[in-house]
Amino acid sequence: MIPIAKPLIGSEEINAIADVIKSGMIAQGQRVEKFESLFAELCGTEFAVAVNSGTAALHAALKASGVKHGDEVITTPFTFIATANTILMQGAKPVFADIDEATFNISPEKIQQKVGKKTKAIVTVDLYGHLCDYDKIGEIAKDKSLIVIEDACQSVNAEYNGKKSGSFGDIAGFSFYATKNITCGEGGAITTNNREYAENARLFRQHGRASMRQYEHTELGYNYRMTDISAAMLLEQLKKLELITKRRIENAEYLSKGLSKIKGIKVPVVKKGYKHVFHQYTIKVEDSFKLNRDELAKHLNKKGIGCSVYYPKPLHLYNHFKRLGYKSGDFPVAEKLSRQVISLPVYPQLEKEQLNRIVDAFGELE
Ligand SMILES: *Cc1c(COP(=O)(O)O)cnc(C)c1O
């Protein structure tokens, strides 16, 4: 079986983690600090704050930038549920805006239509590793004085015009979950150029505790700290990031070369000026294809090829968002794509023979 995802882990990670365990200092410490400084450098931001998941990173980013009860936050319905759940966790209301059919990302025109008196922020999601249209989104945000929060959980190392993911908005959240492009099992980080936001996030990750004063808690916070065990693994993963990114891009190009010839299959689009890092390689199965999307998934599984649907249900159709007044038909593009998309293996260790097997499994159907 070719799995849908596989982390690139070697003896480097194992040894680095063993060193931390042997040192006896296993919670948040020097490795976390070192990771933060290297991660900020990678993203081209002044600050990075490490936390223990992407969800924690988004929650901290919302809190740190001042999103609070009663605010409205515009975001995409076509994403992982954490994007909008964290908005609810801050007591704010997610206001969904439909997506662009080509890139799967939130449409700037649709954002514009949703801005109202209560709108405080926009949470963009760089879905599958392709950055959003930050030129247009930045203009809207500037015009309406809105905060831009990047959900960069899938886009580490992605670029637009030479600028890196995590540096476009006012603050960004990353995930280092096991399937993400770099991982420590569970982990996350925020990046920002705003010193106050970075300090707020540091308070938030440890019960509102001012850094040096042991029991000075200035406000409510959580325990969102990363451990040095995780940071040690991430420091090794960072060294491999260029290789990981390059291999994902090459694998995606190879798959697209084979699959673009197949009628009814639409391969991923990479817009001019963008570096797509292919957290997922996601195709669209159109009506003119022999099988529908779910039948294709079954066929691939039978052939020993892992595949998965990200995401089968747009967020506005889950009960806890429906309660806000959303219904089927509200976001036609997201709803259509949720029936058409399927993601194929694209992880760095894939070999030519395996990539050929994936392409051939489509050819057999013609
Ligand atoms: C993975 C992911 C998250 C959540 O990250 P966790 O580390 O799993 O908490 C949030 N948003 C998007 C778009 C993601 O892909």
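In short, a report on the structure.

Calculation notes
- Residues numbered from 1 in each chain as written.
- Predicted model: local features only at pLDDT ≥ 70, side-chain atom pairs only at ≥ 80, totals over all residues.
- Heavy atoms only, no water.
- Pairing = 2+ DSSP bridges.
- Helix = DSSP H or I, 4+ residues; strand = E, 2+ residues; numbered from the N terminus.
- Contact = heavy atoms within 4.5 Å.
- Near = heavy atom within 4 Å.
- Polar contact = N/O pair within 3.5 Å; in protein donor to acceptor, adjacent residues only side chain to side chain.
- Areas by Shrake-Rupley, 256 points an atom, 1.4 Å probe, with all protein chains shown as cover.
- 1 Å grid on protein atoms, 1.4 Å probe; cavity = no way out; pocket = protein on both sides within 12 Å on 5 of 7 lines; lining within 4 Å.
- Sits in = over half its atoms within 2 Å of the grid points.
- Nonpolar A, V, L, I, M, F, W, Y, C, P; charged D, E, K, R; others polar.
- Buried < 20%, exposed > 50% of the residue type's maximum accessible area, 1.4 Å probe, protein only.
- Right-handed = clockwise from strand over helix to strand, strands pointing away.

Topic: the sheet that holds strand β7 (residues 163-164)
- The antiparallel open sheet is built from three strands, whose spatial order is β7-β6-β11. Every interior strand has two partners, whereas the edge strands, β7 and β11 (274-275), have only one.
- In this structure, strand β6 (residues 159-160) lies alongside β11, joined through two bridges in antiparallel fashion. Counted as the bridge partner of Y160 is Y274 from β11.

Digging into the environment of A16
- Its location among the elements puts A16 in helix α1 (residues 11-23).
- Taking the C-alpha atoms as reference, A16 lies 6.5 Å from M233; in sequence the two are 217 residues apart.
- If near-sequence neighbours (up to four positions away) are discounted, A16 is found in contact with A232 and E236.

Looking at the site of the ligand
- Around the ligand lies a shell of 16 residues, among which G54, T55, D151, S175 and K180 are the nearest.
- Measuring from a nitrogen atom of the ligand, one finds a side-chain N or O atom of D151 at 2.8 Å.
- Residue Q154 places a side-chain N or O atom 2.8 Å away from an oxygen atom belonging to the ligand.
- Coverage of the ligand by the protein amounts to 93% of the 380 Å² it exposes when considered alone.
- Among the detected pockets, the ligand sits in the largest pocket.
- Of all the secondary structure elements, the ones that give two or more residues to the shell around the ligand are α3 (54-64) and α4 (82-89).
- If one sorts the elements of the shell around the ligand by residue count, α3 sits on top with three residues.
- In terms of residue class, the shell around the ligand is made up of six nonpolar, eight polar and two charged.

Overview of the pairing of strand β5 (residues 147-151)
- In terms of residue burial, β5 counts as a mostly covered element, since five of its five residues are buried.
- Alternating positions in β5 separate into two faces, I147, I149 and D151 on one and V148 and E150 on the other, with burial throughout.
- Pairing analysis gives five bridges linking strand β4 (residues 119-125) to β5, with the strands arranged parallel. Counterpart to I122 in the pairing with β5 is V148.
- Crossover β4 to β5 through helix α6 (residues 134-144) is right-handed.
- Pairing analysis gives three bridges linking β5 to strand β8 (residues 171-175), with the strands arranged parallel. Across the sheet, the residue bridging to E150 is A172, located in β8.

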